[in-house]
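One letter stands for each residue in the lines below.
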Amino acid sequence: MNKIFVWTRKFSISTSQNAIKTVTVIGGGLMGSGIAQVTAQAGQNVTIVDLEPEILNKAQKSIQANLGRVAKKLYKDDPGKIEGFVKESLDRIKISTKVEDSVNADLMVEAMVEKLDIKQDLFNKLDKLAPEHTILATNTSSISVNAIGSGIKRKDKFGGLHFFNPVPVMRLLEVIKSDHISEDTYQAMMEWGKSVGKTCITCKDTPGFVVNRILAPYSAEALRMYERGDASAEDIDTAMRLGAGYPMGPLELADYTGLDLKKSILAVMLKETGNPVFEPIGVLDKLVKEGKYGRKTGEGIYKYNK
Ligand code: CAA
Ligand code: NAD
């Protein structure tokens, strides 16, 4: 197979032969914009769908800036190619506020808010509108993939594609096998994951899959230590960076991925597993209630310059 991999310290770019040539991403937030970026930089056409033009413009701006970071590293010995790489990648990205107009794709990846009913409604709609061959996938962090797809007919063409934040940098993709996924769909998902530069692992549809099943209790313990005042936020984060070798401490990471999402993940994990480590955490509930979701709102456990 004709494959070209270019690895740099923090990025993975790859072009491989795969059957998926056109992709639609629904949700142009933190994750959707990253998924669209890696798709476009791998040479595939991608449409991002979100509710408002304003959100889509913001996604385009952040993709342009992040493509610049990628290009600077890829072409550090040939800076003349930077502009072309960024422009060609951006030219492959379309935006739309209407999912009905964007269903002509080989793959549709959902990256909307972490709410079961909203995701179910979308997939029920896509199942009716999208061409027969289109594969449907969810980027959910914690919700059961089978539950999300419970109302669709094409269960053989449905599964989970769980990316990590920041998508252009994190090299992992969890491919989640739903109960009725066909071998062809599973293989197409694995191949597509490789084509966008990711190392793919496979996991059953089990709460939190691999990474969040392990990361969520760690994160919950850190939030409880902070709440009890056992140590300051800064000291908890420094301890895990310097004492355990994580690139970010658990509280910085919670702010980075979003405290609203953290709360949703813990609630789903509690319901699915009954493990008391996932019980509600006062300080998290309070911050979310106040709209302090972390970096994306300018304040969470820490304050950020917008
Ligand atoms: N796009 C492109 N490049 C980016 C980027 C982005 N969005 N964000 C960072 N980078 C690049 C930077 O350009 C920089 O490159 P150089 O090292 O070549 O200069 C590099 O990544 C490091 O960035 P920074 O210097 O800005 O900051 P850093 O060294 O602190 O690294 C980080 C930032 C990569 C995010 C690192 O802190 C990290 O790996 N943190 C942990 C992230 C993590 O655990 N993610 C998973 C969360 S769990 C999840 O996603 C699943 C879920 O369901 C919630
Ligand atoms: P986000 O809030 O940044 O973005 C979600 C986007 O979906 C918003 O822009 C919103 O306007 C849009 N949206 C909501 N309803 C929509 C609809 N009906 N049609 C089109 N767009 C709609 O959220 P995020 O952090 O990008 O998370 C998205 C998904 O990815 C969630 O399921 C989350 O669990 C998962 N995820 C998040 C992370 C992370 O670190 N943030 C990591 C892995 C997976």
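Residues numbered from 1 in each chain as written. Chains lettered and ligands numbered in written order. Predicted model: local features only at pLDDT ≥ 70, side-chain atom pairs only at ≥ 80, totals over all residues. Heavy atoms only, no water.

The chain is annotated in an unreviewed UniProt entry as 3-hydroxyacyl-CoA dehydrogenase of Bombyx mori. Per its UniProt entry, the chain bears the Sequence similarities (unreviewed entry) comment "Belongs to the 3-hydroxyacyl-CoA dehydrogenase family." According to its UniProt record, the chain has this under Subcellular location (unreviewed entry): "Mitochondrion matrix". (UniProt positions renumbered as here; feature names shortened; annotations may be inferred.)

**Student:** Would you mind showing me how to read the packing of helix 1 (residues 30-41) against helix 2 (residues 53-74) here?
**Tutor:** Two measures define how a pair of helices packs: the angle their axes make with one another and the distance between the axes. Running from amino to carboxyl end, helix 1 crosses helix 2 at an angle of 50°, the nearest separation of the two axes being 10 Å. Judged by the angle between their axes, helix 1 and helix 2 are oblique. Crossing handedness for the pair helix 1 and helix 2: right-handed. Seen from helix 1, the contacting residues are Ser33, Ala36, Gln37 and Gln41; seen from helix 2, they are Ala59, Ser62, Ile63, Asn66, Leu67 and Val70. Partitioning the contact of helix 1 with helix 2 into residue classes produces 5 nonpolar, 5 polar and no charged. (Axes fitted to C-alpha atoms, helices over the stretch in contact; angles between N-to-C directions. Helix = DSSP H or I, 4+ residues; strand = E, 2+ residues; numbered from the N terminus. Parallel < 35°, antiparallel > 145°, perpendicular 65-115°, else oblique. Left-handed = near helix turned anticlockwise from the far one by under 90°. Contact = heavy atoms within 4.5 Å. Nonpolar A, V, L, I, M, F, W, Y, C, P; charged D, E, K, R; others polar.)

**Student:** I keep staring at the sheet that holds strand 7 (residues 135-138) and nothing clicks. Help me out?
**Tutor:** The strands that make up a sheet are held in pairs by hydrogen bonds between backbone atoms, and each pair lies either parallel or antiparallel. Spatial strand order, 5-4-3-6-7-8-9-10: 8 strands in an open sheet with mixed pairing. Where the open sheet ends on each side, the last strands, each with one partner, are strand 5 (93-96) and strand 10 (199-204). For this sheet, the mean angle separating the axes of adjacent strands, direction not counted, is 25°. Pairing of strand 3 (residues 22-26) with strand 6 (residues 107-110) involves 4 bridges; the strand directions are parallel. Opposite Thr24, over in strand 6, you have Met108 as the bridge partner. The strands that helix 2 touches are strand 4 (45-49) and strand 5; relative to strand 5, the one it contacts most, it runs at about 160°. (Pairing = 2+ DSSP bridges.)

**Student:** Looking at this structure, how should I read the site of ligand 2?
**Tutor:** Around ligand 2 lies a shell of 22 residues, among which Met31, Asp50, Glu114, Lys119 and Ser141 are the nearest. Glu114 places a polar side-chain atom, nitrogen or oxygen, 2.6 Å from an oxygen atom of ligand 2. At a separation of 3.0 Å, a nitrogen atom of ligand 2 approaches a polar backbone atom of Thr257. Here ligand 2 has 830 Å² of accessible area as a free molecule, and 84% of this is covered by the chains. Looking at the shell around ligand 2 residue by residue, the class counts come to 10 nonpolar, 8 polar and 4 charged. (Near = heavy atom within 4 Å. Polar contact = N/O pair within 3.5 Å; in protein donor to acceptor, adjacent residues only side chain to side chain. Areas by Shrake-Rupley, 256 points an atom, 1.4 Å probe, with all protein chains shown as cover.)

**Student:** Explanation requested: the nonpolar core in the structure shown.
**Tutor:** In a soluble, globular protein the nonpolar side chains are often hidden away together inside. Core analysis: the largest hydrophobic core is formed by 37 residues, its most contacted members being Val23, Ile35, Leu107, Leu161, Phe163, Val175 and Trp192. Counting 21 residues, the second largest nonpolar core, distinct from the first, contains Ala216, Ala254, Leu266 and Val277. (Core = buried A, V, L, I, M, F, W, Y, C linked by side-chain atoms within 4.5 Å. Buried < 20%, exposed > 50% of the residue type's maximum accessible area, 1.4 Å probe, protein only.)

**Student:** Explain the side chain of Glu114 to me, please; I cannot follow it from the model alone.
**Tutor:** The residue Glu114 is located in the loop between strand 6 and helix 4 (116-129) in this model. Overall, Glu114 belongs to the buried group, its relative accessible area being 9%. At 3.1 Å, the side chain of Glu114 forms a polar contact with the backbone nitrogen of Ser141. Among the polar contacts listed, one links the side chain of Glu114 to the side chain of Ser142, at a separation of 2.9 Å. Leave out the neighbours within four places in its chain, and Glu114 touches Lys119, Thr140, Ser141, Ser142, Ile143, Leu261 and Ser264.

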